[in-house]
Amino acid sequence: MQLLLFLLTLSSIGGLHVQAVEEEPTQIVHYQPEQVHLSFGEISASEIVVTWSTLSLPPNASSIVEYGLLQETGQDLASVPLSQRAEGQAIKFVDGGHKQATQYIHRVTLRELKLNSSYVYHCGSSFGWSVLFQFRTTPTAGSDWSPTLAIYGDMGNENAQSLARLQQETQLGMYDAILHVGDFAYDMSSKDARVGDEFMRQIESVAAYLPYMVVPGNHEEKYNFSNYRARFSMPGGTENMFYSFDLGPVHFIGISTEVYYFLNYGVKSLVFQYEWLKDDLARANLKENRLQRPWIVIYGHRPMYCSNENDNDCTHSETLTRVGWPFLHMFGLEDLLYEYGVDVAIWAHEHSYERLWPIYDYVVRNGSLGSPYENPRAPVHIVTGSAGCKEGREPFKGKIPEWSAFHSQDYGYTRLKAHNRTHLYFEQVSDDQQGAIIDQFWLIKSQHGSYAKL
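If you're wondering where the values come from, they're calculated on a predicted model, not measured in any experiment. (Residues numbered from 1 in each chain as written. Predicted model: local features only at pLDDT ≥ 70, side-chain atom pairs only at ≥ 80, totals over all residues. Heavy atoms only, no water.)

**Q** For this particular structure, what's the right way to read the overall build of the chain?
**A** Secondary structure summary: the chain contains eight helices and 26 strands in total. The proportion of buried residues among the 454 residues of the chain is 57%. In the chain, the proportion of contacts linking residues at least 24 apart, taken out of those at least 6 apart, comes to 70%. Summing over all exposed atoms, the chain offers an accessible surface of approximately 19,900 Å²; the carbon and sulfur share of this is 51%. With 34 positive and 52 negative side-chain charges, the chain shows a separation of 4 Å between the mean positions of the two kinds. (Helix = DSSP H or I, 4+ residues; strand = E, 2+ residues; numbered from the N terminus. Buried < 20%, exposed > 50% of the residue type's maximum accessible area, 1.4 Å probe, protein only. Contact = heavy atoms within 4.5 Å. Areas by Shrake-Rupley, 256 points an atom, 1.4 Å probe, with all protein chains shown as cover. Lys, Arg positive; Asp, Glu negative; His and termini not counted. Charge placed at Lys NZ, Arg CZ, Asp CG, Glu CD.)

This is the structure in structure tokens:
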């Protein structure tokens, strides 16, 4: 201290010239992979896409997955030789917020995977690797197996009520895939996309172990769905907005209901999706395809029907997704579902759970009085948007419509098990009741196809 005072004194009388030296700014790099998640590739039986983020692009711009076969149950993951390697690429994503937050999203497709096998993998580059994860491929490329899925929408970074149980059940190997039917994080663009980053970190303990299949909701709309389109990797090359895939005896179709509501981005996406959906349903209904995979399940964010006590579109008879554009009634989806014999339509958006009787144009079309879900004459609609978000629960009307079979405000999620070509099983898990099953039903069909021909 005395030396410092002496130097300062000399400086003040001109005896010493002290020049300030500017330190070089410290560069912060972030090459460590995070937000790791899986999805099905173009061939669900043999392709898995690994997606992750880094905040900096590694100098060698590498996006690598190293992976190997797990030989036996209980084997230490660290002992598995990661003898296979796949490379992909990274895209630079700039959030539309004030800070223009930047990250690099890496995608690598693992191809020609062995059926009925468990793989161990990590992702990254020579500048940083993720921890070891594992996943299991489908038992067969055909339809003679029974996939189990967890299904829900409207799960946020805050108040994610279902997440802990889903994490536990994923680690127990209960599911073959997850469907998240819109509305993530609340919102992925919030706080310059930091909320989206944290949400993707949260779901890594689920989504890094099994395919996490998604569709957009209204909460993804900011900057023309840019966070949603950049962060996920669905099949089909339609920027994750709509696609289809096969799993066991089921043909799954994911769509964007948001093209009906955000017309400020143009009508091209709505028309393109409608024509694509019509073609996809037509292919699924070819005799050889419907025999192989008789079940068709469609999912999108906003329901056609609901009995909630609010002013959402599904509380009105002229729901946009159901009948299409007002007055013109163009591009409505309900007639397509009826014409092409869609078995189940799954929605979210309402922060509650509701199961409907088989319904078309507000008319209940049960299979029979004693067995309403056996050979019904219309699709079965399910609303499952109660996985937990900061907006809380949705109330129901005092008088529930006759077409509503069951409803609940409990936080929770839905399970689907496709037992075979004739039997689907659904159950609703309540987080409020520590995982109790509060609703369950079998959908049984001995014939599939257009309801107009039944």
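**Q** Looking at this structure, I do not really get the environment of Ile-255. What am I missing?
**A** Residue position: Ile-255 is located in the loop between strand E16 (250-254) and helix H5 (268-284). In this structure Ile-255 touches Val-215, Pro-216, Met-241, Phe-242, Gln-273, Leu-277, Ile-298, Tyr-299, Gly-300 and Leu-333, once residues within four positions along its chain are discounted.

**Q** Teacher, can you tell me more about the state of the cysteines here?
**A** Linking two cysteines covalently via their sulfur atoms produces the bond known as a disulfide. Enumeration over the complete set of coordinates arrives at one disulfide. Through a disulfide, Cys-306 is tied to Cys-314; the S-S separation comes to 2.1 Å. Handedness of the Cys-306-Cys-314 disulfide follows from its S-S torsion of about 80°: it is right-handed. On the basis of relative accessible area, Cys-306 is assigned to the buried category, the value being 1%. (Disulfide = S-S within 2.5 Å.)

**Q** I keep staring at the pairing of strand E18 (residues 344-347) and nothing clicks. Help me out?
**A** Moving residue by residue along a regular strand, the side chains alternate between the two faces of the sheet. Because side chains alternate across E18, one face comprises the buried residues Val-344 and Ile-346, and the other comprises Ala-345 and Trp-347, equally buried. One ladder, built from four bridges, connects E18 with strand E22 (residues 380-384); its direction is parallel. Its bridge partner being in E22, Val-344 is matched across the sheet by Val-380. (Pairing = 2+ DSSP bridges.)

**Q** I'm lost on the layout of surface pockets in this one. Help?
**A** As a volume, the largest pocket reaches approximately 630 Å³. Ser-118, Gln-134, Phe-135, Arg-136 and Gly-173 are, among the 26 residues lining the largest pocket, the residues nearest its centre. Among the elements that take part in the lining of the largest pocket, strand E9 (residues 133-136) stands out by supplying three residues, more than any other. Taken together, the residues of the lining of the largest pocket sort by class into eleven nonpolar, twelve polar and three charged. (1 Å grid on protein atoms, 1.4 Å probe; cavity = no way out; pocket = protein on both sides within 12 Å on 5 of 7 lines; lining within 4 Å. Points joined across faces, edges and corners; volume = space filled by probe spheres on them. Nonpolar A, V, L, I, M, F, W, Y, C, P; charged D, E, K, R; others polar.)

**Q** Explain the nonpolar core to me, please; I cannot follow it from the model alone.
**A** In terms of nonpolar packing, the biggest core is built from 104 residues, with Val-50, Tyr-121, Tyr-212, Phe-252 and Tyr-299 touching the most fellow members. In this structure Phe-252 touches Leu-149, Leu-179, Tyr-243, Ser-244, Phe-245, Leu-247, Val-297, Tyr-299 and Leu-416, once residues within four positions along its chain are discounted. (Core = buried A, V, L, I, M, F, W, Y, C linked by side-chain atoms within 4.5 Å.)

**Q** In this structure, what is going on with the packing of aromatic side chains? I would like to understand it.
**A** Given two aromatic rings, one states the distance between the centres and the angle between the planes to describe the pair. Applying the stated criterion across every chain, the model contains 30 aromatic pairs. For the ring pair Tyr-31 and Phe-127, a centre distance of 5.5 Å and an interplane angle of 70° mean the geometry is edge-to-face. Taken together, the residues span a long stretch of sequence, with Tyr-31 in the loop between helix H1 (2-12) and strand E1 (34-40) and Phe-127 in the loop between strand E7 (118-125) and strand E8 (128-129) at a distance of 96 residues. Relative accessible area serves as the criterion here: at 18%, Tyr-31 is assigned to the buried category. Ring geometry for Phe-242 against Phe-272: centres 5.5 Å apart, planes inclined by 80°, an arrangement best described as edge-to-face. Remark: Phe-272 occurs in helix H5 and Phe-242 occurs in the loop between helix H4 (222-231) and strand E15 (243-247); sequence separation between them is 30 residues. Here the aromatic cluster, defined as three or more aromatic residues joined through ring pairs, consists of Tyr-67, Tyr-119, Tyr-121, Phe-133, Phe-135 and Tyr-209. For Arg-302, the ring lying beneath its charged end belongs to Tyr-261, and the centroid distance is 3.8 Å. Stacked on the ring of Trp-357, the Lys or Arg Arg-355 has its end atom at 5.9 Å from the ring centre. (Phe/Tyr/Trp six-rings, centres within 6.5 Å; stacked < 30°, edge-to-face > 60°. Lys NZ or Arg CZ within 6 Å of the ring centre and 35° of its normal.)

**Q** Can you walk me through the sheet that holds strand E5 (residues 89-94) in this structure?
**A** Remark on secondary structure: sheet strands pair via backbone hydrogen bonds, oriented parallel or antiparallel. Strand order across the open sheet formed by four strands is E1-E2-E6-E5, with antiparallel pairing between neighbours. Pairing within the sheet leaves two strands with one partner each, and these edge strands are E1 and E5. Strand-to-strand twist of the sheet, defined as the mean angle between neighbouring strand axes without regard to direction, takes the value 25°. Packing of helix H3 (residues 194-207) onto the sheet brings it into contact with E1 and strand E6 (102-110), and relative to E1 it is tilted by some 55°. Strands E1, strand E2 (48-54), E5 and E6 of the sheet are contacted by H4, whose axis makes an angle of about 40° with E6. (Axes fitted to C-alpha atoms, helices over the stretch in contact; angles between N-to-C directions.)

**Q** What's the story with H5 in this structure? I'm lost.
**A** Because each turn of an α-helix spans 3.6 residues, side chains separated by three or four positions in sequence point in the same direction. Compared with an ideal rise of 1.5 Å per residue, which puts 17 residues at 24 Å, H5 spans 24 Å between its outermost C-alpha atoms and is within 8% of the ideal. Within the sequence span of H5, burial applies to Leu-270, Gln-273, Tyr-274, Trp-276, Leu-277, Asp-280, Leu-281 and Ala-284. Residues of H5 that are buried make contact with E15, E16, helix H6 (287-292), strand E17 (295-299) and helix H8 (334-339). (Expected span 1.5 Å × (residues − 1).)

**Q** Even after reading the chapter, I still don't get empty space enclosed by the protein, so can you show me in this structure?
**A** In this approach a probe as big as a water molecule rolls over the atoms, and the regions it shows empty are the leftover space. Within the structure shown, the criterion is met by one cavity of 30 Å³ or more. Size it by volume and the largest cavity reaches roughly 30 Å³. Taken together, Tyr-31, Pro-33, Trp-52, Thr-54, Pro-58, Ser-62, His-106, Gly-124, Ser-125 and Gly-128 form the lining of the largest cavity. Of all elements in the fold, only E2 and E7 reach the threshold of two or more residues within the lining of the largest cavity. A per-class count over the lining of the largest cavity returns four nonpolar, six polar and no charged.

**Q** Honestly, the pattern of salt bridges in this entry has me stumped. Any pointers?
**A** Charged atoms that come close allow side chains of opposite charge to pair. Taken as a whole and judged by the stated rule, the model has 20 salt bridges. Between Arg-111 and Glu-47 there is a salt bridge, and its shortest N-O distance comes to 3.9 Å. Here Glu-47 lies in the loop between E1 and E2 and Arg-111 lies in the loop between E6 and E7, a separation of 64 residues in the sequence. A residue is classified by how much of its surface remains accessible, and Arg-111, at 51% relative accessible area, is exposed. Its relative accessible area of 11% is what places Glu-47 among the buried residues. A salt bridge links Arg-293 to Asp-246, with the shortest nitrogen-to-oxygen separation between them at 4.0 Å. Taken together, the residues span a long stretch of sequence, with Arg-293 in the loop between H6 and E17 and Asp-246 in strand E15 at a distance of 47 residues. (Salt bridge = Lys/Arg side-chain N within 4 Å of Asp/Glu carboxyl O.)

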